[in-house]
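Breakdown of the fold
Residue-level listing of the chains:
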Amino acid sequence: MGKGKRLIYALVAIFAFLGVTFNFSLTATAAAKHYTELEFGPLPEVNLPKYERFVLQNGLVVYLMEDRELPLISGTALVRTGSRWEPADKVGLAGFTGAVMRTGGTKKHSSDNLNEILEQRAASVEVNIGEAAGSASFEALSEDVETVFGLFSEVLREPVFAQTKLDLVKTQAKGGIARRNDNPNDIASREFRKLIYGKDSPYARITEYATVDAIAREDLLKFHQQYFHPNNMILGIVGDFDPKQMRSLVQAKLGDWRRNPRLTKPALPEVSPAKTGGVFFVNQPQLTQSSVLVGHLGGKFDSPDYAALDVLNGVLNGFGGRLFNEVRSRQGLAYSVYCYWSPRFDYPGMFMAGGQTRSDATVQFINALKTEIKRIQAQPVTAEELSRAKESTLNSFVFNFQDPSQTLSRLMRYEYYGYPADFLFRYQKAVAATTASDVQRVAKQYLKPENLVTLVVGNQATIQPPLTRLAAQVTPIDVTIPVPQQQSQN
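Reference entry: report on the structure contained in this document.

Cut-off values and rules
Residues numbered from 1 in each chain as written. Predicted model: local features only at pLDDT ≥ 70, side-chain atom pairs only at ≥ 80, totals over all residues. Heavy atoms only, no water. Helix = DSSP H or I, 4+ residues; strand = E, 2+ residues; numbered from the N terminus. Buried < 20%, exposed > 50% of the residue type's maximum accessible area, 1.4 Å probe, protein only. Contact = heavy atoms within 4.5 Å. Areas by Shrake-Rupley, 256 points an atom, 1.4 Å probe, with all protein chains shown as cover. Pairing = 2+ DSSP bridges. Axes fitted to C-alpha atoms, helices over the stretch in contact; angles between N-to-C directions. Left-handed = near helix turned anticlockwise from the far one by under 90°. Nonpolar A, V, L, I, M, F, W, Y, C, P; charged D, E, K, R; others polar. Phe/Tyr/Trp six-rings, centres within 6.5 Å; stacked < 30°, edge-to-face > 60°. Parallel < 35°, antiparallel > 145°, perpendicular 65-115°, else oblique. Core = buried A, V, L, I, M, F, W, Y, C linked by side-chain atoms within 4.5 Å. Salt bridge = Lys/Arg side-chain N within 4 Å of Asp/Glu carboxyl O.

1. A word on the overall build of the protein chain
For the protein chain, the count of helices and strands is 17 helices and 12 strands. A total of 490 residues make up the protein chain; the buried ones form 48% of that total. Contacts in the protein chain between residues far apart in sequence, at least 24 positions, make up 82% of those at least 6 positions apart. Split by element, the accessible area of the protein chain, about 25,300 Å² in all, is 52% carbon and sulfur.

2. What about the sheet that holds strand S11 (residues 453-458)?
Strand order in the open sheet formed by 6 strands is S9-S10-S8-S11-S7-S12, with mixed pairing between adjacent strands. Unpaired on one side and paired on the other, strand S9 (336-342) and strand S12 (474-476) mark the two borders of the sheet. Averaged over neighbouring strand pairs, the angle between their axes works out to 20° when direction is ignored. With 3 bridges joining them, strand S7 (residues 278-283) and S12 adopt parallel strand pairing. Looking at S12, one finds that Phe-280 is bridged to Thr-475. In the packing of helix H12 (residues 362-378) onto the sheet, contacts are made with strand S8 (289-297), S9, strand S10 (350-358) and S11, and the angle to S10 comes to roughly 145°.

3. Some remarks on the packing of helix H4 (residues 145-157) against helix H9 (residues 243-254)
Two elements in contact, H4 and H9, have axes separated by 10 Å at closest approach and are oriented at 35°. By crossing handedness, the relation of H4 to H9 is classed as right-handed. Residues Val-145, Glu-146, Phe-149, Gly-150, Ser-153 and Arg-157 of H4 lie in contact with H9, whose contacting residues are Met-246, Leu-249, Val-250, Lys-253 and Leu-254. Its residues placed into classes, the contact of H4 with H9 shows 6 nonpolar, 2 polar and 3 charged.

4. What to know about the packing of aromatic side chains
Scanning all chains against the criterion turns up 24 aromatic pairs. Considering the side-chain rings of Phe-223 and Tyr-227, the 4.8 Å spacing of their centres and the 50° angle between planes classify their relative orientation as tilted. Here Phe-223 pairs with Tyr-227, and both are found in helix H8 (residues 217-227), just 4 residues apart, close to one helical turn. In this structure, Phe-223 and Tyr-227 share a single accessibility class: buried.

5. As for unusual backbone geometry
Phi is mostly negative for residues that are not glycine, and the peptide bonds are mostly trans. With an omega of 5°, the peptide bond running from Gln-464 to Pro-465 counts as cis. Here Pro-465 lies in the loop between S11 and S12. For Ala-122, which is not a glycine, the phi torsion comes out positive at approximately 50°. On the accessibility criterion, Ala-122 (72% relative accessible area) is exposed.

6. Here we look at the packing of helix H2 (residues 93-103) against H8
The N-to-C vectors of H2 and H8 enclose an angle of 90°; their axes lie 9 Å apart at closest approach. Compared by their axis directions, H2 and H8 come out roughly perpendicular. Across the interface between the two elements, Leu-93, Ala-94, Phe-96, Thr-97, Val-100 and Met-101 of H2 pack against Asp-219, Leu-220, Phe-223 and His-224 of H8. Here the residues of the contact of H2 with H8 sort into 7 nonpolar, 2 polar and 1 charged.

7. Focus on the sheet that holds strand S1 (residues 52-55)
Strands sit in the order S1-S2-S6-S3-S5-S4 across an open sheet of 6 strands; the sheet is mixed. At either margin of the open sheet sits one strand with a lone partner, and together these are S1 and strand S4 (124-129). Between one strand and the next, the sheet's axes are offset by a mean angle of 15°, whatever the strand orientation. As paired elements, strand S3 (residues 72-79) and strand S6 (residues 233-239) share 7 bridges and run antiparallel to each other. Paired with Ala-77 across the bridge in S6 is Leu-235.

8. Focus: the nonpolar core
Counting residues in hydrophobic clusters, the biggest one holds 66 residues, and the most contacted among them are Leu-312, Val-327, Phe-365, Leu-369, Ile-376, Leu-447 and Leu-467. Counting residues per element, this core draws most heavily on helix H10 (residues 306-316), which supplies 8 residues. Beyond its immediate stretch of four places on either side in the chain, Val-327 contacts Arg-322, Gly-332, Leu-333, Ala-334, Val-337, Phe-365, Ala-368 and Glu-372. Ranked by size, the runner-up nonpolar core spans 53 residues in total, among them Phe-54, Leu-60, Ala-140 and Val-250.

9. Topic: the pairing of strand S5 (residues 134-141)
Of the two faces of S5, only one is covered, namely that formed by Gly-134, Ala-136, Phe-138 and Ala-140; the face formed by Ser-135, Ser-137, Glu-139 and Leu-141 stays uncovered. Pairing of S3 with S5, which is carried by 8 bridges, proceeds in the antiparallel orientation. Paired with Ile-73 across the two strands is Ala-140, which belongs to S5. Connecting S4 to the antiparallel partner S5 that follows it, the hairpin turn spans 4 residues.

10. Concerning the pattern of salt bridges
Close approach of charged atoms allows side chains with opposite charge to pair. Within this structure, the stated rule accounts for 21 salt bridges. Two residues, Arg-247 and Glu-52, come together in a salt bridge whose shortest N-O distance is 2.4 Å. Residue Arg-247 is found in helix H9, and its partner Glu-52 is found in strand S1; the two are separated by 195 residues along the sequence. For Arg-247, a relative accessible area of 37% puts it in the partly exposed group. Exposure remark for Glu-52: the relative accessible area of 24% places this residue in the partly exposed category. Linking Lys-90 and Asp-219 is a salt bridge whose minimum nitrogen-to-oxygen distance equals 2.8 Å. With Lys-90 in the loop between S3 and H2 and Asp-219 in helix H8, this pair connects stretches of sequence that are 129 residues apart. Of the residues examined, Asp-219 reaches a relative accessible area of 15% and is grouped as buried.

This is how it looks when you write it as structure tokens:
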């Protein structure tokens, strides 16, 4: 075949392809619908997978949930502990204890030995102690579970807290302290908690060079001995296992762990609002925009109005929410904007609104936030707003049960905090039953526009009009990092 014919055939093929593609595109365009015209079937009903709960003689609560989809097994132990119970002069102790429990090795296996065994089996054992709870977890192939669970049990029961690993964690913590003012949003979040709870509250205090230096290996040992007991723990295991064999494994590795007969549930730190208003400012001259937070002390998940407050969140937030439509889209005042009633399980959370805005729009942005908070108290939500908020809330509900491990984690958390096992289903029904009048009622009852604490992190020179337009007194906050005493002497 000559070059000319080959060229003709090629051109014919190209035009034929383009014709088919063009026709297909026209058909697809004609068939496309606006997102508001899309129709979806009803959400599937959510059911809890079968599980077994039992208690060992030493008081260890155990949940077992089979999941045969993959040859994997994972488990988590929730420990009744947390940074909120660490001494005020040793902030960071709880986190260090969790980290070095894992990295510091056990009485039978050094840190390197432990890492090597786990890496060979593509398994993991991790420990973390957060604000209100401690957790230790493991993941393993089904065939390796006996070995990995044995190591997991050692880490729980017999950590040695190697000094070299503590030194490393302390060095890393000091690096974090040195960098803590690098991100304006981090500054805003940290300082806002201090304004709401008080800088010395366990829910707001932060690590400093001095508190890190004050922590010794003996403190970690003492912290572990105080809280890590079988009768202070809930263990959940999910995956590909035979329940009888798993029950035997748990009994073999943890059943002879002695309970602490003198164990008492630690009292929760008291919470009261540190500030009930005021405008506060952190000057960061290098910034070209402001990070803003306004809010006040909030409530808990067990509030009878939690569902209605969550629907209120839906009215205010997200695409189509009042804040997005008014503050971002219509007024063009924000890169991001949000507003949340953010509860906690066993202590009051926060109500907060905020976002990021141009320096020269800071005052206008704050006024717009306050206007929307007052408007949801004064103007009933429309039927369309209520429907959108409830649908988005209920649609996201199913994602609480994406896999059995997520479901088991939720069950354990409810027992840990003393909530009923069907709490989430009660919440689901309450959301479905929420009315427009419920939303306005909780807005009036729980939101306190007159008590809003306002915090701005930004460039004082470029915030025009100035923050004094909001209040006669604007209180500066100094975020200078205290220098270690030893270093300051040098």
